[in-house]
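Spelled out from the first residue to the last, the chains are:
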Amino acid sequence: MEKIQELFINGEWVKPSSEEYLNKYNPSTGELYGKFAAASKEDVDRAVDAAYDAQKKWEKLTSVERSKYLYRLIDLIRQDRESLENLLMDEVGKPRKEAVQEVDGVLDQLQYYAEFARKITGDVVEGTKPERVIFQYKVPYGVVLAITPWNFPAAMIARKIGPALITGNTVVLKPSSDTPFVAGWIVEKVRQAGFPPGTVNLITGKGSVIGDYMTSHKKISVITLTGESRTGVQVMKSASSIMAKLILELGGKAPFIVWKDADLELAAKVLMWAKYWNAGQSCIAAERLYVHEDVYDKFLNLFIEKTKTLKIGEPRTSDMGPLINDQQLKKVSGFVEEAVNQGAKILYGGGKPQLPERYSKGFFYMPTILTDVRQDMRIFREEIFGPVIGAMKVGDDFDEVIELANDSDYGLASYLFTKDVSLAMKAAREIKFGELYINMPGPEATQGYHTGFRMSGQAGENSRYGVEEYVKVKNVYIDYSKDPTAGEVIPPYTD
Ligand SMILES: NC(=O)C1=CN([C@@H]2O[C@H](COP(=O)(O)OP(=O)(O)OC[C@H]3O[C@@H](n4cnc5c(N)ncnc54)[C@H](OP(=O)(O)O)[C@@H]3O)[C@@H](O)[C@H]2O)C=CC1
Ligand SMILES: O=C(O)[C@H](O)CO
């Protein structure tokens, strides 16, 4: 039976008022996978109104009462986790192990946020006189518009609804048009968990069509977006009309630095994760390889040999699946063609893999390694978001390598492999990236603050800092003296 994804507004699954649906294709086969609702502005209004009305009651619950809904949601997801794993393999093309890992991440994040019940505390500050006091409350903003990407569609939803809900906000969720069914699956679990109607609402539809309307909606107080940097720019422009609080998790261009004293086996193994995890479709993926001249050839050969062991194909029986859609496939192959035209050389890969007929129309691309890449090439400047990496040989000047790493519009994740502690601490001080992984793989931990410099976004997610992004500090001043105006400067001043 054809899969259909409807909207979820005020506690009910409803059809789009336009009766219009959009197509979603299976990335492994290129075949039609299902249809999802194209929400209209009227649908958006109904969802935002529902969230707005529900929020007034939701914030009056204690955080412990709110956490009980989250714990019920966690149990429902855990009991049916296999169907979400299967959905991730089908809808995203994620290999099985990575689908399992993502569901683990969903449960870990929701658990982490539910545990913040009773732990978000304000302050009592002394006033400007002995009988004055300032109460600093941490209060929810109101309605949160959560806009999520397709690459970790379930984990990114958990990373937004978890902190939003535990802090007393309500949510309108707008998922990627490449993963509407994962979003629908999670929202159905929210319904089964008994969240009050309007607490979480689901609006599907093209961001390019309804995005500006949603991000300039007067009843929206927070917009949390995970997506491309250019989308972040557009959202920032649109949201300026409502001055919404922005949490922007955007693109990355991670440098992967292998120093002359690095453990090459470790570095190569980590690069297999940093480059081919989710087929390189990750904001923290290694996107620029800088290798010290003394170990350049040895390391590249080691990495190529490891890359050759990857099994490319359909998600259930392979190490690396397809890219998400045909547009991404064209974008990734375009990066490689342009780099070669500019003088780079392909050491391995560079094209579509040979696959059985059933998958010949899938959006697959070979793991690809290029050498002779220069800092000014587009492949080193813009986010590739695929299983492709260019390599550059660097000399013995570590300051120069830090400069090369920081020379990027992006500043999310970075990687360094060296046994020299003083070098590592120098990098920790001087690298201008939200994350530096030293001699280890990622991804970011739920208790780590996931944030980026420059075009990688602003504010951040996860950790206590990420939770506090969803509350506003409200200051209440009280004077309980007999004469609150004693000694104050209050006109008139002249007799
Ligand atoms: N920093 C981080 O933690 C992470 C960052 N990312 C980044 O996300 C990107 C990949 O995800 P992808 O989904 O392709 O990113 P996009 O920016 O294409 O889309 C992200 C979301 O924004 C929506 N959107 C698009 N245009 C607008 C608009 N004008 N107004 C409002 N919403 C809009 C999309 O809807 P629709 O699908 O309908 O277009 C989608 O839901 C990469 O750049 C990656 O680096 C990914 C994961 C983590
Ligand atoms: O890197 C990403 O895309 C997400 O943050 C998952 O770690």
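Residues numbered from 1 in each chain as written. Chains lettered and ligands numbered in written order. Predicted model: local features only at pLDDT ≥ 70, side-chain atom pairs only at ≥ 80, totals over all residues. Heavy atoms only, no water.

## Brief notes about the site of ligand 2
So, step 1. If you check the shell around ligand 2, you find Asn151, Phe152, Met156, Arg159, Trp277, Ser282, Cys283, Ile284, Pro443, Glu444 and His450 and nothing else.
So, step 2. Within the side chain of His450, a nitrogen or oxygen atom sits 3.5 Å from an oxygen atom of ligand 2.
So, step 3. Relative to its unbound accessible area of 230 Å², ligand 2 is 95% covered by the protein chains.
So, step 4. Class assignment of the residues belonging to the shell around ligand 2 gives a composition of six nonpolar, three polar and two charged. (Near = heavy atom within 4 Å. Polar contact = N/O pair within 3.5 Å; in protein donor to acceptor, adjacent residues only side chain to side chain. Areas by Shrake-Rupley, 256 points an atom, 1.4 Å probe, with all protein chains shown as cover. Nonpolar A, V, L, I, M, F, W, Y, C, P; charged D, E, K, R; others polar.)

## Observations regarding the sheet that holds strand β1 (residues 3-5)
Hydrogen bonds between backbone groups are what pair the strands of a sheet, and the pairing can be parallel or antiparallel.
So, step 1. The three strands are arranged β1-β5-β4 in an open sheet whose pairing can be described as mixed. Two strands lie at the open edges of the sheet, namely β1 and β4 (21-25), each paired on one side alone. When the angles between neighbouring strand axes are averaged without regard to direction, this sheet yields 30°.
So, step 2. Across three bridges, β1 lies against strand β5 (residues 32-37) in parallel orientation. Its bridge partner being in β5, Ile4 is matched across the sheet by Lys35.
So, step 3. Across the sheet, helix α6 (residues 180-192) is in contact with β1, β4 and β5; its angle to β1 comes to roughly 70°. (Pairing = 2+ DSSP bridges. Helix = DSSP H or I, 4+ residues; strand = E, 2+ residues; numbered from the N terminus. Axes fitted to C-alpha atoms, helices over the stretch in contact; angles between N-to-C directions. Contact = heavy atoms within 4.5 Å.)

## Details of the confidence of the model for the protein
So, step 1. Summing up the model confidence of the protein, the mean pLDDT is 98 and the portion of residues at 70 or higher is 100%.
So, step 2. Across the interfaces of the predicted complex, the ipTM metric reaches 0.96, alongside a pTM of 0.98. (pLDDT = per-residue confidence, 0-100.)

## Considering the pairing of strand β11 (residues 222-226)
So, step 1. Counted residue by residue, β11 has five buried out of five residues, so it is predominantly covered.
So, step 2. The side-chain alternation of β11 yields two buried faces, one formed by Val222, Thr224 and Thr226 and the other by Ile223 and Leu225.
So, step 3. Summarising the sheet, strand β8 (residues 143-147) and β11 pair through four bridges and their orientation is parallel. Its bridge partner lying in β11, Ile147 is registered against Leu225.
So, step 4. Inspection of the sheet shows β11 paired to strand β12 (residues 245-249) by five bridges, in the parallel sense. Bridge pairing links Leu225 to Leu248 in β12.
So, step 5. Remark: the β11/helix α8 (residues 229-239)/β12 crossover connection has right-handed handedness. (Buried < 20%, exposed > 50% of the residue type's maximum accessible area, 1.4 Å probe, protein only. Right-handed = clockwise from strand over helix to strand, strands pointing away.)

## Some words on the site of ligand 1
So, step 1. Around ligand 1 lies a shell of 31 residues, among which Trp150, Ser177, Gly207, Thr231 and Glu383 are the nearest.
So, step 2. In the model, an oxygen atom of ligand 1 is placed 3.4 Å from a nitrogen or oxygen of the Gly227 main chain.
So, step 3. If ligand 1 stood free it would expose 900 Å²; the protein chains cover 92% of that surface.
So, step 4. Looking at the shell around ligand 1, the elements that each hand over two or more residues are α7 (207-215), β11 and α8.
So, step 5. Class assignment of the residues belonging to the shell around ligand 1 gives a composition of ten nonpolar, 14 polar and seven charged.
So, step 6. For the shell around ligand 1, the domains that each give at least three residues are domain 1 (4-250 + 456-476) and domain 2 (254-438). (Domains from an automatic or database assignment.)

## Considerations on the domain arrangement of the protein
So, step 1. Entries for the protein in the domain assignment read domain 1 (4-250 + 456-476) and domain 2 (254-438).
So, step 2. If you average the C-alpha positions of domain 1 and of domain 2, the two centres end up 31 Å apart.
So, step 3. The interface of domain 1 with domain 2 comprises 27 residues on the first partner and 29 residues on the second.
So, step 4. Buried surface at the junction of domain 1 and domain 2, summed over both partners, amounts to about 2,300 Å²; 50% is from carbon and sulfur atoms.
So, step 5. The three residues of domain 1 that bury the most area against domain 2 are Ser28, Trp150 and Ser456, which together make up 23% of that side's buried surface.
So, step 6. Linking domain 1 to domain 2 there are two salt bridges. (Buried area = accessible area lost by both parts, 1.4 Å probe. Salt bridge = Lys/Arg side-chain N within 4 Å of Asp/Glu carboxyl O.)

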